[in-house]
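Listed below are the residues making up each chain.
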Amino acid sequence: REKASAKALAAREKENAALREWKANKTEEDARAREATAHAKHHAAAEEAERRKQLTRERAERDKRNALRALEREELRDASRAAAEAAAEALIPSAPKMTKEEARVERDRLAGCAMETAQRRREASTAKHGELLRRVVRQKALAVKARNRRRLAEGRTENSLNDPDRLTRATAASAFRA
């Protein structure tokens, strides 16, 4: 019996030693895994920072290139505008040099021309309006003549129309209603 209990105690000791060894290995392994994870995170953060720096650099270079291109386009636009203006100046004769007196006389002459043109337009407009009024009066007179002719043809004269006792459709209808 003592032998059996000594055997069991030895087995327990052996088992406890194996358990302690396993715990020590596990703790060491966990520590290594944590260290590796921390190292990987640090490495990833460093790579991300480097990537951001690279992107910033590239963006700055791109902006610089775009600014230079825009500047070149603006310079080309200015140069082409200047060339077009120079060509236009070469094609369009400049006004002859005048003294102040000559310029005043020219302005007065142009103003006189403008006044004459405006006066002619006003007169033409008035004449057209007068002609329209005369035409309206003429047409009214012709309408009265035509109405009188038609009434005469129907046997109604001016006297018969002015007769207060004349029988019309309206007076006949009113007489039938009464």
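Residues numbered from 1 in each chain as written. Predicted model: local features only at pLDDT ≥ 70, side-chain atom pairs only at ≥ 80, totals over all residues. Heavy atoms only, no water.

S.K.: Pulling in residues and values, what's your account of the overall build of the protein chain?
M.R.: Summing up its helical and strand segments, the protein chain has four helices and zero strands in all. Order of helices (α) and strands (β) in the protein chain, N terminus to C terminus: α-α-α-α. Expressed as a percentage of the 178 residues in the protein chain, the buried residues total 2%. Carbon together with sulfur atoms contributes 58% to the accessible area of the protein chain, which is approximately 16700 Å² in total. (Helix = DSSP H or I, 4+ residues; strand = E, 2+ residues; numbered from the N terminus. Buried < 20%, exposed > 50% of the residue type's maximum accessible area, 1.4 Å probe, protein only. Areas by Shrake-Rupley, 256 points an atom, 1.4 Å probe, with all protein chains shown as cover.)

S.K.: Go over the pattern of salt bridges with me, naming the residues and quoting the values.
M.R.: One pass over the structure, following the stated rule, counts twelve salt bridges. Between D30 and K26 there is a salt bridge; the shortest N-O distance is 3.4 Å. Taken as a pair, D30 and K26 lie in helix 1 (residues 2-91) at a separation of four residues, close to a single helical turn. Classification of D30 as partly exposed rests on a relative accessible area of 31%. One salt bridge connects E106 with R109, and the closest N-O pair in it is separated by 2.7 Å. Of this pair, E106 and R109 both sit in helix 2 (residues 100-153), three residues apart, roughly one helical turn. The exposure class assigned to R109 is partly exposed, which follows from its relative accessible area of 45%. (Salt bridge = Lys/Arg side-chain N within 4 Å of Asp/Glu carboxyl O.)

S.K.: Explain a positive patch on the surface to me, and be specific about the residues and the numbers.
M.R.: Judged by side-chain charge, R59, R62, R65, R69 and R73 come together as a positively charged surface patch. Along the chain, the position of R65 falls in helix 1. Under the relative-accessibility criterion, R65 is labelled partly exposed at 42%. (Patch = residues over 30% accessible without salt bridge, like charges linked within 9 Å, V, L, I, M, F, W, Y side chains within 5 Å. Lys, Arg positive; Asp, Glu negative; His and termini not counted. Charge placed at Lys NZ, Arg CZ, Asp CG, Glu CD.)

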